Amino acid sequence: MTTNTLHNIAGSITAGCFSTILGHPLDTVKVHQQTSAHKFTNPSSLHVAKELCQGNALRLFKGIGPPMANQIIMNSVMFSVFHKLKDVTSQSGMDEKSASLCSGLLSGFATACLSTPFDWFKIQAQLSLTNKQVSRGSITATTEVTAKTDVLSICKHLWHDNNHRMTKVIQTIYRGHVPNLAREGVFTMVYLGTYDLISNAVRAKRYQQTNQQKYLPMHDVIMISSFTGACAWICNYPFDTIKSVMQSSKKKQGTESNLSTIGSTIQAIYKSGGVTSFFRGMGPSTLRAMLVTSARMLAYEKTLQILGD
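Worth saying up front: this structure is predicted, and the values here are computed from it rather than measured.

1. Some remarks on the confidence of the model for the protein
Detailed reading of predicted coordinates is not advised where the pLDDT is low.
Phase 1 of the analysis: Averaged over the protein, the pLDDT score is 82; the fraction of residues at 70 or greater is 87%.
Phase 2 of the analysis: Scored below 50 in pLDDT, residues 131-148 shows 32 contacts in the model against residues more than four places distant or in partner chains.

2. Details of unusual backbone geometry
Phase 1 of the analysis: The residue Asn163 is not glycine, and still its phi comes out positive at about 55°.
Phase 2 of the analysis: Positionally, Asn163 belongs in the loop between helix H6 (151-161) and helix H7 (166-173).
Phase 3 of the analysis: Classification of Asn163 as partly exposed rests on a relative accessible area of 47%.

3. Describing the packing of aromatic side chains
Phase 1 of the analysis: Under the criterion given, the structure shown has five aromatic pairs.
Phase 2 of the analysis: With a centroid separation of 5.9 Å and 85° between ring planes, the pair formed by Phe187 and Trp233 is classed as edge-to-face. With Phe187 in helix H8 (residues 177-206) and Trp233 in helix H9 (residues 218-248), the pair connects residues that are 46 residues apart, well separated along the chain.
Phase 3 of the analysis: With relative accessibility at 9%, the residue Phe187 sits in the buried group.
Phase 4 of the analysis: The class for Trp233 is buried, based on a relative accessible area of 4%.
Phase 5 of the analysis: Among the aromatic residues, ring-to-ring pairing joins Phe187, Tyr191, Trp233 and Tyr237 into one connected group.
Phase 6 of the analysis: When the ring centre of Trp233 is taken as reference, the NZ or CZ atom of Arg288 above it lies at 5.8 Å.

4. Let's talk about the nonpolar core
Phase 1 of the analysis: By size, the foremost hydrophobic cluster in this structure holds 22 residues, and its most contacted members are Phe79, Tyr191, Leu192, Met297 and Tyr300.
Phase 2 of the analysis: Ranked by residue count, the leading element in this core is H8, at six residues.
Phase 3 of the analysis: Setting aside residues no more than four positions away along its own chain, Leu192 makes contact with Met78, Phe79, Phe82, Phe187 and Met297.

5. Concerning the environment of Ala10
Phase 1 of the analysis: When you line up the elements, Ala10 lands in helix H1 (residues 3-36).
Phase 2 of the analysis: Sequence separation between Ala10 and Ser76 is 66 residues; the distance between their C-alpha atoms is 8.6 Å.
Phase 3 of the analysis: Not counting the four nearest positions on each side in its chain, Ala10 is found in contact with Thr303 and Leu307.

6. Description of the pattern of salt bridges
Phase 1 of the analysis: One pass over the structure, following the stated rule, counts 10 salt bridges.
Phase 2 of the analysis: The partner of Lys30 in a salt bridge is Asp27, with the nearest N and O atoms 3.3 Å apart. Here Lys30 pairs with Asp27, and both are found in helix H1, just three residues apart, close to one helical turn.
Phase 3 of the analysis: In this structure Lys30 comes out as buried when scored by relative accessible area, which is 2%.
Phase 4 of the analysis: Counted as one network, the salt bridges with shared partners bring together Asp27, Lys30, Asp119, Lys122, Arg183, Glu184, Asp240, Lys243 and Arg288.

7. Observations regarding a nonpolar patch on the surface
Phase 1 of the analysis: On the surface, a nonpolar cluster with roughly 330 Å² of combined accessible area is contributed by Phe18, Leu22, Leu287 and Leu291.
Phase 2 of the analysis: Mapped onto the nonpolar patch, the elements with two or more residues apiece are H1 and helix H11 (282-307).
Phase 3 of the analysis: Here Leu287 lies in helix H11.
Phase 4 of the analysis: The class of Leu287 is partly exposed, set by a relative accessible area of 45%.

8. Examining the packing of H8 against H9
Phase 1 of the analysis: Interaxial distance between H8 and H9 falls to 8 Å at its minimum, and their mutual angle equals 170°. Here H8 lies roughly antiparallel to H9, going by the angle between them.
Phase 2 of the analysis: For the contact of H8 with H9, the class distribution of residues is 19 nonpolar, eight polar and five charged.

9. Looking at helix H4 (residues 96-127)
Phase 1 of the analysis: The largest bend along H4 measures about 35° and falls at Ala112.
Phase 2 of the analysis: The opening residue of H4 is Asp95, an N-cap whose side-chain oxygen sits 3.3 Å from the backbone nitrogen of Lys97.

10. Brief notes about the packing of H1 against H9
Each pair of packed helices can be summarised by the angle the axes make with each other and by the distance between the axes.
Phase 1 of the analysis: Two numbers describe how H1 lies on H9: the axes approach to 9 Å, and their chain directions differ by 65°. Relative to H9, the element H1 lies roughly perpendicular. Like other packed secondary-structure pairs, H1 and H9 cross with a definite hand, here right-handed. In contact with Lys30, Gln34 and Thr35 of H1, H9 contributes Trp233, Tyr237, Asp240, Thr241, Ser244, Val245 and Ser248.
Phase 2 of the analysis: Looking at the contact of H1 with H9, its residues break down into three nonpolar, five polar and two charged.

What counts and how
Residues numbered from 1 in each chain as written. Predicted model: local features only at pLDDT ≥ 70, side-chain atom pairs only at ≥ 80, totals over all residues. Heavy atoms only, no water. pLDDT = per-residue confidence, 0-100. Contact = heavy atoms within 4.5 Å. Helix = DSSP H or I, 4+ residues; strand = E, 2+ residues; numbered from the N terminus. Buried < 20%, exposed > 50% of the residue type's maximum accessible area, 1.4 Å probe, protein only. Phe/Tyr/Trp six-rings, centres within 6.5 Å; stacked < 30°, edge-to-face > 60°. Lys NZ or Arg CZ within 6 Å of the ring centre and 35° of its normal. Core = buried A, V, L, I, M, F, W, Y, C linked by side-chain atoms within 4.5 Å. Salt bridge = Lys/Arg side-chain N within 4 Å of Asp/Glu carboxyl O. Patch = residues over 30% accessible without salt bridge, like charges linked within 9 Å, V, L, I, M, F, W, Y side chains within 5 Å. Areas by Shrake-Rupley, 256 points an atom, 1.4 Å probe, with all protein chains shown as cover. Axes fitted to C-alpha atoms, helices over the stretch in contact; angles between N-to-C directions. Parallel < 35°, antiparallel > 145°, perpendicular 65-115°, else oblique. Nonpolar A, V, L, I, M, F, W, Y, C, P; charged D, E, K, R; others polar. Bend = angle between axes of the 7 residues up to and from the residue. Polar contact = N/O pair within 3.5 Å; in protein donor to acceptor, adjacent residues only side chain to side chain. Left-handed = near helix turned anticlockwise from the far one by under 90°.

So this is what it looks like as structure tokens:
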């Protein structure tokens, strides 16, 4: 394993931990707005957060384990695949813009294979926050949901609900994989691809008189990654809504969920409020994207700088 690879892994671990801790509470609010807004007295971001917290902000960190592990692994894949593909495409004669965007798209496809099952577990844990107040007095529903608050319990229910069949389990945790491929591909193409282009342009202009400076100042990293992260999230948000709704859908014993296909999910989302339903919760989610993407890139770049990559 090369030094550059080890440095990428170290940077990815730091970036994954830092960005997940900052972004997970807002992601919890976003998932509830996308999948169960009708259960809240007021579907606005602030009111949803208050009802979920009930005086304990740590409740918003429910289900942070899977996305933390996911981000560490996914960042390692995303950055490594992106830089490798960028080298290959550049050497093949592709122009810089096409090379950056193509590398971002393909690295997003690679990370989607990991993020789909991790997101399924995360969403199950986040939706377990539904409580007596949120579900408007349904004590029975509260008891059923809170029984699935940890990963082990979710795994047990997953195995039982799919009649102890591994093929069914895999189909369940990969539900929503196609929209997630689009989601991750578009996001990484815009986020990493555009970041690479802008940062290279800024670096070339700022240090055109000398080749000694390799790293951008951290405030440039924050500004560029916040901008590209927000643009990327706005572009991929409808795909994220479709994926979240598909992964949150339940199936009754012996029957398939009526939201098990992309077509039925899109139709159900549209019926719930038109085109705007695909963008429900985009406000806090875009804020989260800016926090997460800037924190991720800042931690990654700073780690590489410290390690002298």
